[in-house]
Amino acid sequence: MSKAPAANIESHLKENRVFKPAKEFSAKAHIKSLAHYKKLWTESVKQPEKFWKKQAEAELIWQKPFTKVLQWKEPFAKWFTGGKLNVSANCLDRWLDSATANKAALIWEGEPATDGKPGEERVLTYKQLHREVCRFANVLKRNGISKGDRVIIYLPMVPEAAIAMLACTRIGAVHSVVFGGFSAQSVADRIQDCGAKMVITSDGGYRRGAVVPLKKNVDEALKLHDAAGQSLTQTIEKVIVLRRCANEVHMAEHRDVWWHRELDYVSDVCPAEKLDSEAPLFILYTSGSTGKPKGILHSTAGYLLGTKLTSKYVFDLRAEDVYWCTADVGWVTGHSYIVYGPLANGATALMYEGAPNWPEPDRFWRIIQKYGVTILYTAPTAIRAFMKWGDEWPKKHDLSSLRLLGSVGEPINPEAWMWYHNVIGGGRCPIVDTWWQTETGSIMITPLPGATPTKPGTATLPFFGILPEVVDDQGKPVPKNTGGKLVVRQPWPSMLRGIWGDNERYKQTYWTEVKGSYFTGDGCRQDKDGYFWIVGRIDDVLNVAGHRIGTAEVESALVSHPSVAEAAVVGRPDELKGQALVCFVTLKTGVKATPELKNELRNHIGKEIGPVAKPDEVRFAEALPKTRSGKIMRRLLKQIASGMEIKGDTTTLEDISVIAKLASGEE
Ligand code: WT7
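What comes next concerns the included structure. (Residues numbered from 1 in each chain as written. Predicted model: local features only at pLDDT ≥ 70, side-chain atom pairs only at ≥ 80, totals over all residues. Heavy atoms only, no water.)

## A look at the packing of helix α7 (residues 184-194) against helix α8 (residues 214-221)
Close contact between α7 and α8 brings their axes to 8 Å; oriented N to C, the two are set at 55°. The angle between the axes of α7 and α8 places the two elements in the oblique class. Considering how the two elements wind past one another, α7 and α8 form a crossing that is right-handed. Here Ala 184, Val 187 and Ala 188 of α7 come into contact with α8, specifically with Asn 217, Glu 220 and Ala 221. Its residues assigned to classes, the contact of α7 with α8 comprises four nonpolar, one polar and one charged. (Axes fitted to C-alpha atoms, helices over the stretch in contact; angles between N-to-C directions. Helix = DSSP H or I, 4+ residues; strand = E, 2+ residues; numbered from the N terminus. Parallel < 35°, antiparallel > 145°, perpendicular 65-115°, else oblique. Left-handed = near helix turned anticlockwise from the far one by under 90°. Contact = heavy atoms within 4.5 Å. Nonpolar A, V, L, I, M, F, W, Y, C, P; charged D, E, K, R; others polar.)

Written as structure tokens, this is what we have:
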């Protein structure tokens, strides 16, 4: 792998607003002051093993205590060895003897029907969820699944997705959730890569009033071959099908079985398997910048501890909270912060099946009012969409139950931060901007809402036990306010254990760029207060006439213009300057795309950042190519900007038609 030049990324955006936690919030919070946070954090990174030992003993239920905290042979970590435990027992069984047993574990809201009727609603208490998980775990066993087997979960956002995940953990099977919007090809690729024995799917899933034919996609996936005529999916023995939409499906004899029928054959007793701390828990595929998707592997104890602790402290969870993370279970945020983290804390988590603008753009705000949601965790891409749709939609609803807001997935531009703060949070809710990755398993850099003063656009300071640093190309720490590569200096319990089946790629991708450290791939700077400002992926750092410019900053400047809804900035090779800046811009509803506006936007960037960042080209677009998790696929935009053919993995793309439109220059 080539070394990505990173040091001295120039940081041009200045943001001086500071928001201190309100006294009333801090008074009730787990961590009540910055001084307290700093003391605990310093202790935790000075003696990390002592810190993690104490947390693992206090927070997790062990079937057998561990004997060693950390075995570290770079780049391979083993945490809490000798110990045995079970994730589903830590999320469910542990609450059965307490008042939490009859509390809502999951509140599920279905997509509203096309005739305008509200969506279905289901509530599962801890006791009920435990029972369903035990029954379904028995279904898995009955269908030949045992410890270590890989199971693909390809379901819509229904409670059964969580039930299937937890049932796998109960018997030690390794799940790999594939997002319901992905194609047959993506399903087949993932089955092949992890050698899965089973697919759990449904007849269909609802999306904006239409039925997505999931089972049909699985049927297609199971027929796919590689170039040499070899089946991609011959490891699959069984397909379990949940009835959701009652659309017609084909059931292959001996291979396909109905979820509801299988339940008739099983009991609701299923003891939780005693699993090693390091037993593989799940594989989740994320797209690499090139080549095939990477199967990120997480293991049992460390992952559970990371998600439990961060859920508790970052969301400052309390028994009475109604907590809503709007992510899909098909990506890591859904794993860590809908299912495992909240349930391990005995919290009430809300799950919503549908789209934010179906049937109307106030869907989220309706749900918040209906259930009295107290904590909302969503992504900047969603926030910018809400801004585009207009303030009238949230203003129609009573959002006063909210007490805390969260953001994840990409840098949140100050403009969106302020809107989130004022329009959704009513100026009273702290915002936790949480930086982490599929690979890190749980939140790494984040404010603690009762302790950390926030500034729009920064994820602020590291979580307990986490030691991030910004370094130059030689791996040396850079001075404050200087850009560099973001690395993590010490292993942490919820870190990935590898890339499934590819130790070499694991080493190359994460552990060779900066010697002795985990390389995040992100560019970053620390300000005078030590706050971490992510300036974008290192691959996205541009060099324009000798100036290193982070794309995130230019995007942020664009979005601060009143006409702009969303922006993506990429580089195009340029003889004169090295790289030229090309901006793709979507406009707010009702704004006309004119040449004058293009000029105005160029000047606006010049004013906000400096003449060096003035783009060479501004292109208006109807939509930007995004992954299903809402990340703009800059790699594709780069190819479009330089008039190249689109190459590489596009399986994670949300809507492939966006690419055709952009490439044809349609505006
Ligand atoms: C990448 C990881 C974290 C789970 C969801 C995405 C970017 C994520 C932030 C944030 C700035 C962020 C980084 C990171 N990112 N959160 N709060 N501020 N950047 O997981 O798909 O693995 O992506 O998302 O570039 O490396 P992922």
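## Examining the site of the ligand
In the vicinity of the ligand lie 18 residues, with Asp 433, Thr 434, Gln 437, Thr 438 and Asp 522 positioned nearest. A distance of 2.6 Å separates an oxygen atom of the ligand from a polar atom in the side chain of Thr 438. Within the side chain of Asp 522, an N or O atom sits 2.8 Å from an oxygen atom of the ligand. For the ligand, whose free accessible area comes to 550 Å², the fraction covered by protein is 92%. Among the elements of the structure, α11 (332-344), β20 (431-434) and β25 (532-537) are those that each provide at least two residues to the shell around the ligand. Of the residues belonging to the shell around the ligand, the class tally is seven nonpolar, five polar and six charged. (Near = heavy atom within 4 Å. Polar contact = N/O pair within 3.5 Å; in protein donor to acceptor, adjacent residues only side chain to side chain. Areas by Shrake-Rupley, 256 points an atom, 1.4 Å probe, with all protein chains shown as cover.)

## Some thoughts on the packing of aromatic side chains
In total, this model carries 35 aromatic pairs according to the counting rule given. Taking 4.8 Å as the distance between ring centres and 75° as the angle between the ring planes, the aromatic pair formed by Phe 51 and Trp 52 counts as edge-to-face. In this structure Trp 52 comes out as buried when scored by relative accessible area, which is 3%. On the basis of an interplanar angle of 85° and a centroid distance of 6.3 Å, the ring pair of Tyr 352 and Phe 364 is categorised as edge-to-face. (Phe/Tyr/Trp six-rings, centres within 6.5 Å; stacked < 30°, edge-to-face > 60°. Buried < 20%, exposed > 50% of the residue type's maximum accessible area, 1.4 Å probe, protein only.)

## Description of the sheet that holds strand β21 (residues 468-471)
Read across the sheet, four strands follow the order β21-β22-β24-β25 without closing on themselves; strand pairing throughout is antiparallel. Two strands lie at the open edges of the sheet, namely β21 and β25, each paired on one side alone. When strand polarity is set aside, the average angle formed by the axes of neighbouring strands in this sheet is 45°. When β21 meets strand β22 (residues 484-488), the two strands line up antiparallel, connected through four bridges. Across the sheet, residue Val 470 finds its bridge partner in β22, namely Leu 486. (Pairing = 2+ DSSP bridges.)

Everything listed here is a matter of coordinates, which is why it stays silent on function.
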